[in-house]
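Residues per chain, in single letters:
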Amino acid sequence: MSGARTSAIARQEGRPDVTWTATLLIALLTALAFALRLYRIEAQSLWSDEGLSVYRAALPWRDILANTIVVDGVTTRDLTPPGYFLLLALVRHFAGEGLFALRWLGALLGALSVPLAWRAGRAWFGRRAGIGAALVLTVSPIHVWYSQEMRNYSLLIAAILATTWALAHVADRADSRRTGWWLAWTGLWGISIASHAFALLALAAHVSWLAASTWLGPDSAAREIRVAADDESVARRAGTATTARRLRRSAALLAVAALLAVPLAPRAWSYFRAPVQIDFEAVSWATIARHAMDAFAVGISPTLRHSISDSWPLVALAVVGLVAVWAHPPARRAASLATTMLVLPLVLIAALSSLRPIYNGPRHLLVAFPGFVLLAGAGIGALWNLSLPPQLAPALGRMGTRTFASRRRSTEAQASPVPNPLGASSFVPAPSRLPILIGAMLALGIGLPASRSIARQLTRQFHGEDYVKDDVRAAAHFFAREVTAPDVIVVHDPLIQFAFAYEYRRAGGTQTWLGIPRYGEAEQDAARRLRALADHAPTVWFLERPKPRFPFDPDYLSEKADESWHRRTEHEYARMWLPVRWAAYDTGSGAE
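Since the model is a prediction, treat every value here as computed from it, not as a measurement. (Residues numbered from 1 in each chain as written. Predicted model: local features only at pLDDT ≥ 70, side-chain atom pairs only at ≥ 80, totals over all residues. Heavy atoms only, no water.)

Caption draft 1: Region of interest: the pattern of salt bridges. Under the definition given, this model contains 25 salt bridges. Put simply, Lys469 and Glu149 hold a salt bridge, and the shortest N to O gap is 3.1 Å. In this pair, Lys469 sits in the loop between α20 (433–463) and α21 (472–482) while Glu149 sits in the loop between α8 (141–147) and α9 (153–171), placing the two residues 320 residues apart along the sequence. Taken as a pair, Lys469 and Glu149 share a single burial class, namely buried. One salt bridge connects Asp294 with Arg290, and the closest N-O pair in it is separated by 2.8 Å. A residue pair is termed a helical-turn pair when its members lie 3 or 4 positions apart in one helix, as Asp294 and Arg290 do in helix α15 (residues 285–297) at four residues. Owing to a relative accessible area of 0%, Asp294 belongs among the buried residues under this scheme. Note on Arg290: relative accessible area 22%, which makes it partly exposed. (Salt bridge = Lys/Arg side-chain N within 4 Å of Asp/Glu carboxyl O. Helix = DSSP H or I, 4+ residues; strand = E, 2+ residues; numbered from the N terminus. Buried < 20%, exposed > 50% of the residue type's maximum accessible area, 1.4 Å probe, protein only.)

Caption draft 2: Representation of the pairing of strand β1 (residues 68–71). Summarising the sheet, β1 and strand β2 (residues 74–77) pair through four bridges and their orientation is antiparallel. Opposite Thr68, over in β2, you have Arg77 as the bridge partner. In this structure, the hairpin formed by β1 and β2 is closed by a connection of two residues, where Asp72 is found at a positive phi of approximately 55 degrees. (Pairing = 2+ DSSP bridges.)

Caption draft 3: How the structure looks around helix α7 (residues 127–139). An ideal rise of 1.5 Å per residue puts 18 Å on 13 residues; α7 measures up with 19 Å between its terminal C-alpha atoms. The buried fraction of α7 amounts to 11 of the 13 residues, a majority that puts the element mostly inside the structure. Within α7 the residues assigned to the buried category are Arg127, Arg128, Ala129, Gly130, Ile131, Gly132, Ala133, Ala134, Val136, Leu137 and Thr138. (Expected span 1.5 Å × (residues − 1).)

Caption draft 4: Structural view of unusual backbone geometry. At the junction of Ile516 and Pro517, the peptide bond is cis and its omega measures out at 5 degrees in the coordinates. By the secondary structure assignment, Pro517 is in the loop between β6 (513–515) and α23 (523–532). Along the chain, Arg545 connects to Pro546 via a cis peptide bond; the corresponding omega equals 10 degrees. If you trace the backbone, Pro546 turns up in the loop between β7 (539–545) and α24 (556–564). Residue Leu304 is not a glycine yet carries a positive backbone phi of 65 degrees. Among the structural elements, Leu304 can be located in the loop between α15 and α16 (308–326). Even without a glycine there, the phi angle at Asp470 is positive, about 40 degrees. Topologically, Asp470 is positioned in the loop between α20 and α21. The exposure class assigned to Asp470 is buried, which follows from its relative accessible area of 5%.

Caption draft 5: View of the nonpolar core. Counting 87 residues, the largest nonpolar core has Trp124, Phe125, Trp185, Phe296, Phe369 and Phe372 as the members making the most contacts within it. Examining the composition of this core, we find that 12 residues originate from one element, α9, more than from any other. Core analysis: the next-biggest nonpolar cluster, separate from the first, contains 19 residues, Leu530, Ala534, Leu557 and Trp565 among them. (Core = buried A, V, L, I, M, F, W, Y, C linked by side-chain atoms within 4.5 Å.)

Caption draft 6: Quick look at the environment of Arg333. Checked against the element boundaries, Arg333 lands in helix α17 (residues 332–355). By relative accessible area, Arg333 is classed as partly exposed at 35%. Note: C-alpha distance between Arg333 and Trp124 (209 residues apart in sequence) is 8.8 Å.

Caption draft 7: The arrangement of a nonpolar patch on the surface in detail. On the surface, Trp20, Leu24 and Leu28 cluster together into a nonpolar patch covering about 380 Å² of accessible area. Relative to the elements of secondary structure, Leu24 occurs in helix α2 (residues 20–38). The class of Leu24 is partly exposed, set by a relative accessible area of 43%. (Patch = residues over 30% accessible without salt bridge, like charges linked within 9 Å, V, L, I, M, F, W, Y side chains within 5 Å. Areas by Shrake-Rupley, 256 points an atom, 1.4 Å probe, with all protein chains shown as cover.)

Caption draft 8: Spatial organisation of the sheet that holds β6. Judged by pairing direction, the sheet is mixed, and its five strands sit side by side in the order β6-β5-β7-β9-β8 without closing on themselves. Bordering the open sheet on either side are β6 and β8 (566–572), each of which pairs with just one other strand. Across the sheet, the mean angle separating the axes of adjacent strands is 20 degrees when strand polarity is ignored. As defined by bridge partners, strand β5 (residues 488–491) adjoins β7 across four bridges and the pair is classed as parallel. Residue pairing across strands places Val490 opposite Phe542, the latter belonging to β7. Running over the sheet, α21 touches β5, β7 and β9 (581–586) and is turned about 175 degrees from β7. (Axes fitted to C-alpha atoms, helices over the stretch in contact; angles between N-to-C directions. Contact = heavy atoms within 4.5 Å.)

Caption draft 9: The environment of Ala66, seen in detail. Along the chain, Ala66 turns up in helix α4 (residues 61–66). Remark: the alpha-carbon pair of Ala66 and Arg77, spanning 11 residues in sequence, is separated by 8.0 Å.

Caption draft 10: Highlighting the packing of helix α6 (residues 99–125) against α9. Between α6 and α9, whose axes approach to 8 Å, the crossing angle comes to 20 degrees. It follows that α6 is roughly parallel to α9 by the angle criterion. The handedness of the crossing between α6 and α9 is left-handed. Listed contacts from α9 to Gly106, Leu109, Gly110, Ser113, Leu116, Ala117, Arg119, Ala120, Ala123 and Trp124 of α6 are Ser154, Leu155, Ile157, Ala158, Leu161, Ala162, Thr164, Trp165, Leu167, Ala168 and Ala171. When its residues are assigned to classes, the contact of α6 with α9 shows 15 nonpolar, five polar and one charged. (Parallel < 35°, antiparallel > 145°, perpendicular 65-115°, else oblique. Left-handed = near helix turned anticlockwise from the far one by under 90°. Nonpolar A, V, L, I, M, F, W, Y, C, P; charged D, E, K, R; others polar.)

Caption draft 11: The side chain of Arg473, seen in detail. Relative to the helices and strands, Arg473 is located in helix α21. Assessed through its relative accessible area of 17%, Arg473 is described here as buried. For Arg473, the side chain forms a polar contact with the main-chain oxygen of Ala43, separated by 3.1 Å. (Polar contact = N/O pair within 3.5 Å; in protein donor to acceptor, adjacent residues only side chain to side chain.)

Caption draft 12: How the structure looks around the packing of α6 against α7. Interhelical geometry of α6 versus α7 gives an angle of 150 degrees and a closest axis separation of 7 Å. By the angle class used here, α6 and α7 are roughly antiparallel. For the pair α6 and α7, the crossing hand works out as right-handed. Touching Ser113, Val114, Ala117, Trp118, Gly121, Arg122 and Phe125 of α6 are Arg127, Ala129, Gly130, Ile131, Ala133, Ala134, Leu137 and Thr138, all from α7. A breakdown of the residues in the contact of α6 with α7 according to their chemical character gives nine nonpolar, four polar and two charged.

Caption draft 13: Fine view of the packing of aromatic side chains. Applying the stated criterion to the full structure yields 23 aromatic pairs. With a centroid separation of 5.7 Å and an interplanar angle of 55 degrees, the aromatic rings of Trp165 and Trp181 are classed as tilted. Of this pair, Trp165 sits in helix α9 while Trp181 sits in helix α10 (residues 178–195), and the two are 16 residues apart along the sequence. A residue is classified by how much of its surface remains accessible, and Trp165, at 23% relative accessible area, is partly exposed. According to the relative accessible area criterion, Trp181 is buried, its value standing at 17%. (Phe/Tyr/Trp six-rings, centres within 6.5 Å; stacked < 30°, edge-to-face > 60°.)

These results come straight from atomic positions and should not be treated as a statement about function.
Printed below as a string of structure tokens:
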């Protein structure tokens, strides 16, 4: 089952591997995906993690590779691998530090994921499923959301889809270029792991599937020897040779996985030994499963939950795809791969979170998203096929090539060609109109609610006030406009200062601002520095939220300021999760 085998058969049958119709359709979907990801890409403020991205992209490449971040003079080590930040540094070098230029990289990677989803879906499930996977990814609200962030998520998804496409060639033992695809598969996993540590969880899914296929799948060479051999000893030797081959393949798989995982091992060990990060929590498997279902089917939300009426259409589409694939025996290996890619990473996240909290929202679940995309694409392919009249199937079937799993034909000379659930033609008797009617009703019954849910969610994400992320920009613009000397601005969270400095500079702010507390500073020392500002600042503008994300009482400095000074006014901005709030204190300074 591979695109390489598909290409060979297509050439033998005198038809193109990929037709211009399919290419044009994918090009249009890619353009639409790029447009959606560029729309209002500058509307959101730079949020805290994006501030770290700007900081790392400005570092020398040696420091980017070393994963060091200096916060208030304290050298810390970022757990996010350097791959994405090297690309971002390259973009920054040529395009500058504008927000559009820096976020443009994520939008581009998100759009490029569309043809990768097409290739992966087509190689494993067939041409229509490939187009379906590309369509799902194009309009996916969660993929649009994270493609607009200056973070590594769109690179992670693109790399996993590319490795899944390469795996189709690796799994096809008749592919003459299999060694090259093995190298490509390994190299692409290197890129994936260099973009996000959680890519190891998706690698575990691929390796587990390959190992299971090695031991549970049939060995055609050994089977032929057993059938042809009259001597029982020859059959035994064939079985021994089969076991040896499987052991070698398993050893090679383990060696590749270890080679890719070892560079992250010291960092993972130090992470598990470090104090638990603020806002990270241990969650159950049921919670992760529900968050994943809602996020993959609908998108991000302030509560991490969606109503069943919004999430069921895309979930049903993925279920239809899974059922359709399992109903077609030659494609069950593909179904097991997509299911493993979807389920195993979520199980591993829940298991690791029981040892140490590592979960902080749907962004940590994106590693399982490609499996969902492939199954939903298979669902579109199945409904597309079932709803077609037999006379249209041959014409529309030329939109691609057949998947390796569905190329078996019967020898009936006069049978009518009709599409199977995976979107490839098989010579079997033509169905009655009832299945076509049922397929059309299913397509409308799922497609219309899914389209409505996606349109509503995209509108919320682009325009909803409750979808504002860490609105540091609004605070920075207010301070740049209203604060004058000798007043002082205080930023409470040391990690937000990278985003604040960027937005404050873009707003034209020139007034002094300070970070209190410093990273790792004791509460009493921070309070003394805060009180000392009253010696020369008549007004202290205290950005008291977001709170410090290291062990520090988040209300301590606000309480000390309330005890010492008069809180004149305060303001909190619209938010999704982290509040952004400032308070203005009259200190009674003689400088007033």
